[in-house]
Amino acid sequence: MTKEMNRTRYLTLVGTIITQFALGSVYTWSLFNAQLAAKLDEPVSQVAFVFGLLSLSLAVASSMAGKLQERFGVRNVTLGAGLLLGLGFLLTAQASNLMMLYLCAGILVGFADGTGYLMTLSNCVKWFPERKGLISALAIGAYGLGSLGFKYINVLLLENTGLETTFQLWGLIAMALVLCGGMLMKDAPAQSAASQLAESRDFTLAEAMRKPQYWMLALMFLSACMSGLYVIGVAKDIGEKMVDLPVLVAANAVAVIAMANLSGRLVLGILSDKIPRIRVISLAQIITLVGMVLLLFIPLNANLFFVAVACVAFSFGGTITVYPSLVSDFFGLNNLTKNYGVIYLGFGVGSIIGSIVASLFGGFIATFNVILVLLVVALVMSLTIRMPEPKTPVSAKKATKSTPRLVNMTAESA
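Residues numbered from 1 in each chain as written. Predicted model: local features only at pLDDT ≥ 70, side-chain atom pairs only at ≥ 80, totals over all residues. Heavy atoms only, no water.

Participant: Quick question: what am I supposed to make of the overall build of the protein chain here?
Facilitator: Counting its regular elements, the protein chain contains 17 helices and 0 strands. Computed over its C-alpha atoms, the radius of gyration of the protein chain comes to 23 Å, within 12% of the 22 Å expected for a compact globule of 414 residues. By its C-alpha atoms, the protein chain is 90 × 50 × 35 Å across when sized along the principal axes. Within the protein chain, contacts between residues separated by at least 24 positions form 84% of all contacts whose residues are at least 6 apart in sequence. By element, 68% of the accessible surface of the protein chain is carried by carbon and sulfur atoms, the whole surface being about 17,800 Å². Of the side chains in the protein chain, 28 bear a positive and 19 a negative charge, and the two mean positions are spaced by 10 Å. (Helix = DSSP H or I, 4+ residues; strand = E, 2+ residues; numbered from the N terminus. Rg over C-alpha atoms; globule rule 2.2 N^0.38 Å. Contact = heavy atoms within 4.5 Å. Areas by Shrake-Rupley, 256 points an atom, 1.4 Å probe, with all protein chains shown as cover. Lys, Arg positive; Asp, Glu negative; His and termini not counted. Charge placed at Lys NZ, Arg CZ, Asp CG, Glu CD.)

This is the structure in structure tokens:
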């Protein structure tokens, strides 16, 4: 690798970290539910639905980002995502009813966030094929730190400027960071022909979707997202209603989850460069199962409750960190954004399913049982899944076709 190319990929890494930090700010949304509910004179539950809609829009946009990158390049798409993100927050500040809030904060902000998130992450991983786990950990770790950092920024803004101005300033800060990060990025080069020939594992989306392994990975990802997003979203309520914790004590679950989530991203991401990534996913599933068993079958006190939610958050953070590299192991780097993009729809679907099950069947326990079953199925899959058969290289096909001719020529010479 030339000195100039090495410089380019490290600039892209820095740009990706800056961008991911800004995009992670959407996970501070719960700070605004109560004030928005008061402003719009709507129930908090209706306002809180915005985050589920945002998560779904984020996942859908992530699945489409690969096509946008192919046409416009990672820098231009990131700049566009930054502008759209800023616009979404500025319009959210003006929202005067629920439908406008859903459209601006849920769909517009979610679409902008998803467009930048997966595409910049995948592009950065492609630049560092020899350290995919570490790079994923750094990028997605920055995404997690964004939620933590903007928590303090947005609390400070809310206390000193009010709701509408906070959204406006949040939008401007996030937009500026994404624009700065985008300017540092360049598209990663495609794998060399020699590398493709050596691996023979560079599947297009259509080819990958015809493999059973693709859907096994998708179900494993869905189960991780459903467990992680549901428990993270209702952790405070679980503490109050299942463990009878005071409100302030139960609220400590938010800090526990943030630290466990970030730890999972870093620890499991780095570990995935040391051992097979599918084994890291199996480990994450086992840790999640421990958390779910505690929530379902063990009489909880405060300490056990915090251990349970920490297990789920740790594994969820680690899973979404390891998965881009895992998908590239199975189906190649060149089409990673598209191949992972469809699997990433499980993030949005998982965020909705948990809430639907809870509302239909009466709360936490029903959802925990569904999650438990899914996790057991996913664990069996992760322990039995095998890499798809490599595609036959073009040169090998030619060699196979030419073999009879070589045999005939040998026979004629004899």
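Participant: Explanation requested: the packing of helix α3 (residues 44-72) against helix α14 (residues 336-343) in the structure shown.
Facilitator: Viewed as axis vectors pointing N to C, α3 and α14 meet at an angle of 165 degrees, and their least axial separation amounts to 7 Å. When the axes of α3 and α14 are compared, the pair comes out roughly antiparallel. Note that α3 runs across α14; the crossing there is left-handed. Contacts between α3 and α14 involve Ala59, Ser62, Ser63, Ala65, Gly66, Lys67, Gln69 and Glu70 on the former and, on the latter, Thr337, Lys338, Gly341 and Val342. In terms of residue class, the contact of α3 with α14 is made up of 3 nonpolar, 6 polar and 3 charged. (Axes fitted to C-alpha atoms, helices over the stretch in contact; angles between N-to-C directions. Parallel < 35°, antiparallel > 145°, perpendicular 65-115°, else oblique. Left-handed = near helix turned anticlockwise from the far one by under 90°. Nonpolar A, V, L, I, M, F, W, Y, C, P; charged D, E, K, R; others polar.)

Participant: So what exactly am I meant to see when it comes to the domain arrangement of the protein chain here?
Facilitator: Where interface size is quoted, it is often the accessible area lost as the parts come together. Examined at the domain level, the protein chain breaks down into domain 1 (1-187) and domain 2 (202-387). The interface of domain 1 with domain 2 comprises 34 residues on the first partner and 30 residues on the second. When domain 1 packs against domain 2, close to 2,600 Å² is buried across both sides, 69% of that on carbon and sulfur atoms. For the domain 1 face of the interface with domain 2, the top three residues by lost area are Lys126, Lys132 and Ile140, together amounting to 20%. At the junction of domain 1 with domain 2, the criterion picks out 2 salt bridges. In this structure, the salt-bridge partner of Glu70 is Lys338, at a minimum N-O distance of 2.7 Å. Elements that contribute at least two residues to the side of domain 1 that touches domain 2 include exactly α3, α5 (98-127) and α6 (132-161). For the side of domain 1 that touches domain 2, the leading source of residues is α3, giving 13 residues. In the side of domain 1 that touches domain 2, the residues fall into 18 nonpolar, 11 polar and 5 charged. (Domains from an automatic or database assignment. Buried area = accessible area lost by both parts, 1.4 Å probe. Salt bridge = Lys/Arg side-chain N within 4 Å of Asp/Glu carboxyl O.)

Participant: What should I look at first to understand helix α16 (residues 364-384) in this one?
Facilitator: Taking 1.5 Å per residue as the helical rise, α16 with its 21 residues ought to reach 30 Å, and the 30 Å between its terminal C-alpha atoms agrees with that figure. Among the residues of α16, Phe364, Ala366, Thr367, Phe368, Ile371, Leu372, Leu375, Ala378, Leu379, Met381 and Ser382 are the ones counted as buried. On its buried side, α16 packs onto α10 (212-242), α12 (277-297) and α15 (345-361). (Expected span 1.5 Å × (residues − 1). Buried < 20%, exposed > 50% of the residue type's maximum accessible area, 1.4 Å probe, protein only.)

Participant: Before we go on, may I ask you to explain the packing of α10 against α12 in this structure?
Facilitator: The description of two helices packed together rests on the angle between their axes and the distance between the axes. At a closest axis distance of 12 Å, the pairing of α10 and α12 adopts a crossing angle of 30 degrees. The angle between the axes of α10 and α12 places the two elements in the roughly parallel class. For the pair α10 and α12, the crossing hand works out as left-handed. Listed contacts from α12 to Met220, Ser227, Val231, Ile238 and Met242 of α10 are Ile278, Ile281, Gln285, Thr288, Met292 and Leu295. When grouped by side-chain class, the residues that make up the contact of α10 with α12 number 8 nonpolar, 3 polar and no charged.

Participant: In this structure, what is going on with unusual backbone geometry? I would like to understand it.
Facilitator: Glycine aside, the phi torsion of most residues is negative, and most peptide linkages are trans. Residue Asp41 is not a glycine yet carries a positive backbone phi of 55 degrees. Within the fold, Asp41 resides in the loop between α2 (33-40) and α3.

Participant: What's the story with the confidence of the model for the protein chain in this structure? I'm lost.
Facilitator: Detailed reading of the predicted coordinates is not advisable wherever pLDDT falls low. The predicted model of the protein chain averages 85 in pLDDT, with 92% of residues at 70 or higher. For residues 394-414, every residue scores under 50 in pLDDT, and the model assigns this stretch 3 contacts once sequence neighbours within four places are set aside. (pLDDT = per-residue confidence, 0-100.)

Participant: How should I be thinking about the pattern of salt bridges in this particular structure?
Facilitator: Close approach of charged atoms allows side chains of opposite charge to pair. For the coordinates displayed, the defined rule picks out 8 salt bridges. As a salt-bridge pair, Asp329 and Lys132 come within 2.7 Å of each other at their nearest N and O atoms. Of this pair, Asp329 sits in helix α13 (residues 302-331) while Lys132 sits in helix α6, placing them 197 residues apart in sequence. Assigned by exposure class, Asp329 and Lys132 land together as buried. In this structure, a network of salt bridges that share partners links the residues Lys132, Asp273, Arg277 and Asp329.

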